[in-house]
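# A closer look at the structure
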Amino acid sequence: MERRSFIKRSLAVGGAALLARPASAFGAGEPAAQEPTHTPALAFTGARFPESFLWGTATAAHQVEGAWKDDGKGESIWDRWGHSPGRIAGGANADTACDQYHRFKDDIEIMKRLNLKSYRFSVSWPRVLPTGTGAVNAKGLDYYSRLTDALLEAGIRPFCTIYHWDLPQALEEKGGWPNRDLAGHFADYAALLAKHLGDRITVWAPFNMPETFTYYGYGNGRFPPGRANTDDYLRALHTVALAQGLAYRSIKAASSKATVGSAYGMEPAFPRTQSDADREAARRFHELHNTLFLNATLTGRYPDVFAGPIPYEAMGFRSGDEAVLKCPLDWVGVHYYLRLAIAAATEPPKPRGGGQTPDPMSQFHIGLFNEGPKNDAGWEMWPQGLSYLVTQVSKLTGNLPIEITETGSVFADGPGADGAVHDKRRIAFYRDHLAELARAIQAGVNVRSYHAWSLLDNFEWNDGYTRRFGLTWVDFASQERKIKDSGLWYGRVAAANRVDV
Ligand code: NOJ
């Protein structure tokens, strides 16, 4: 029987696989029974994508815009974090990032050149509402209006993420996401955007990866505001789930054309061994990390996968909240980066930060697989995970339309002697993932778009500028952009609607 190896390691924080913990290597384990089996992806490279399929890229305001205090923008928690010593690799911050605030027209030219038809960007809450509530910063709102118009003019669908982690610092000072009032403030902010941009934007994702910014911001403190307190995390989780429900309604009330989903980061979770304990741990991890927010929205309920009874009291759950949580999403956004190996923790779950409620994540040991080829961040590439995930999501949601909101990989390649960026490994990465996606679509899964992460090399959170995810190489000193070979290849795929180009 083939032996399977795993590694359990600390991943410098990025957007994906954020949860694996520091430790030494796992030994080999038994093959995970839940893994999908099928013919190799490459057999599907000739497959066509549907006529109406939307090829796109994704970015986030804090990672690309820069202009951190231009034209009346307020401070965000990530601005504060980046200006605090020791938080970001290389002492970097996102004050300038890719300067997209001033260069969005150039970036749209790149999208046009790559034949793209969808751009997933996020709005910076403090750019529009400098203190999170109250007075609107007209210049900030106007920026997103101009961006939207320019995209439409280029034949590109504007896909708006309302919150991609850059909370106004002023709202953190009012308690941040653990403060239930933020659900209402967020719904007002979402309605403001829908009112001003909803005549032109029809696709709205209130949140990007709610599972990550709640746990990383409040549960383990690796992201701003840097709190490691289980009670804060549980309250933040519930506020964000309520905010999704309230925003769903406020967006629709402000714009009759709006469709609402959200973008969930999902990592297929397999048991590290075939023991009952590890199998149960993998199931619980999946329902806690991958689908908790989605299920809360679809059903109005939380899954029974916490370390102990569902901690309603610690969350601040009130009667009637079920009805707020529940709303019929129009579509679902899925990000996929890698798979995880889950083992049951050997020690009883413990609270963090002095409360009584155990940290639900402390039920698990989380590791990476160590089998396939790796990217330059050490993440194993496993393209089959994409077809596996969308198939699971489709079953869970009754075949709701799926938007692939992110998939991408880290490769350091820069310009060679000829001036071009020959990033062959990124081409192979996308080709294999897209072949897997084509397989799922052929089998009946309703996937309507694919957004590569990312259009540009950009600011990768705590990793600063050390991890390049872009289809376009960026010189962060001069802001020169150079489309990589992978970008040119992706452009051909978008034009031909197939991957064997
Ligand atoms: C997901 C996050 O949404 C994005 O912000 C991040 O840069 C990527 N993953 C890569 O880690």
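Higher on the page you've got the structure.
This section reports on the structure supplied with the text. Treat the numbers as computed from the prediction; the structure is a model and nothing was measured.

## Some points on the overall build of the chain
- Check the secondary structure of the chain and you find 16 helices and 15 strands.
- C-alpha extents for the chain along the principal axes are approximately 55 × 55 × 45 Å.
- Within the chain, contacts between residues at least 6 apart in sequence are counted, and of these 77% link residues at least 24 apart.
- Here the chain has roughly 17,200 Å² of accessible surface; of this, 51% comes from carbon and sulfur atoms.
- Of the side-chain charges in the chain, 55 are positive and 55 negative, and the distance between the mean point of each set is 1 Å.

## Remarks on the packing of helix H3 (residues 100-113) against helix H5 (residues 138-153)
- H5 packs onto H3 with a crossing angle of 10 degrees between their chain directions and a minimal axis gap of 10 Å. On the basis of the axis angle, H3 is roughly parallel to H5. Where H3 abuts H5, its residues Gln100, Tyr101, Phe104, Ile108 and Met111 lie against Lys139, Tyr143, Arg146, Leu147, Ala150 and Leu151.
- Among the residues making up the contact of H3 with H5, the classes are represented as 8 nonpolar, 1 polar and 2 charged.

## Some details on H5
- Given a rise of 1.5 Å per residue, 16 residues ought to cover 22 Å, and the 22 Å separating the end C-alpha atoms of H5 matches this to within 8%.
- Of the residues making up H5, those classed as buried are Gly140, Leu141, Tyr143, Tyr144, Ser145, Leu147, Thr148, Ala150 and Leu151.
- Elements that come into contact with the buried residues of H5 comprise helix H1 (61-64), H3, strand E3 (118-122), helix H4 (125-128), strand E4 (157-163) and helix H7 (181-197).
- Note on H5: the residue one or two positions beyond its end, glycine 155, has a positive phi of about 75 degrees.

## Quick look at helix H8 (residues 210-219)
- Extensive coverage of H8 is indicated by the burial of 10 of its 10 residues.
- Those residues of H8 that sit buried are Pro210, Glu211, Thr212, Phe213, Thr214, Tyr215, Tyr216, Gly217, Tyr218 and Gly219.

## A look at the sheet that holds strand E2 (residues 54-58)
- Taken together, 9 strands build an open sheet; the order of strands is E6-E5-E4-E3-E2-E13-E12-E9-E7 and the sheet is parallel. Looking along the sheet, the strands with just one partner apiece sit at the ends: strand E6 (259-260) and strand E7 (263-266).
- Alignment of E2 against E3, held across 3 bridges, turns out to be parallel. What sits directly across from alanine 58, in E3, is arginine 120.
- Packed onto the sheet, helix H9 (residues 230-254) meets E4, strand E5 (203-207) and E6 and runs at close to 155 degrees relative to E5.

## A few points about the side chain of histidine 433
- On the secondary structure map, histidine 433 appears in helix H15 (residues 424-442).
- Here histidine 433 is in contact with Tyr336, Trp382, Pro383, Leu386, Thr407 and Tyr450, once residues within four sequence places are set aside.

## Focus on the side chain of glutamine 169
- Assignment of secondary structure puts glutamine 169 in helix H6 (residues 169-172).
- For glutamine 169, a relative accessible area of 10% gives the class buried.
- Residue contacts for glutamine 169: discarding those within four places in its chain leaves Glu75, Ser76, Ile77 and Arg80.

Definitions and limits used
- Residues numbered from 1 in each chain as written.
- Predicted model: local features only at pLDDT ≥ 70, side-chain atom pairs only at ≥ 80, totals over all residues.
- Heavy atoms only, no water.
- Helix = DSSP H or I, 4+ residues; strand = E, 2+ residues; numbered from the N terminus.
- Contact = heavy atoms within 4.5 Å.
- Areas by Shrake-Rupley, 256 points an atom, 1.4 Å probe, with all protein chains shown as cover.
- Lys, Arg positive; Asp, Glu negative; His and termini not counted.
- Charge placed at Lys NZ, Arg CZ, Asp CG, Glu CD.
- Axes fitted to C-alpha atoms, helices over the stretch in contact; angles between N-to-C directions.
- Parallel < 35°, antiparallel > 145°, perpendicular 65-115°, else oblique.
- Nonpolar A, V, L, I, M, F, W, Y, C, P; charged D, E, K, R; others polar.
- Expected span 1.5 Å × (residues − 1).
- Buried < 20%, exposed > 50% of the residue type's maximum accessible area, 1.4 Å probe, protein only.
- Pairing = 2+ DSSP bridges.

These results come straight from atomic positions and should not be treated as a statement about function.
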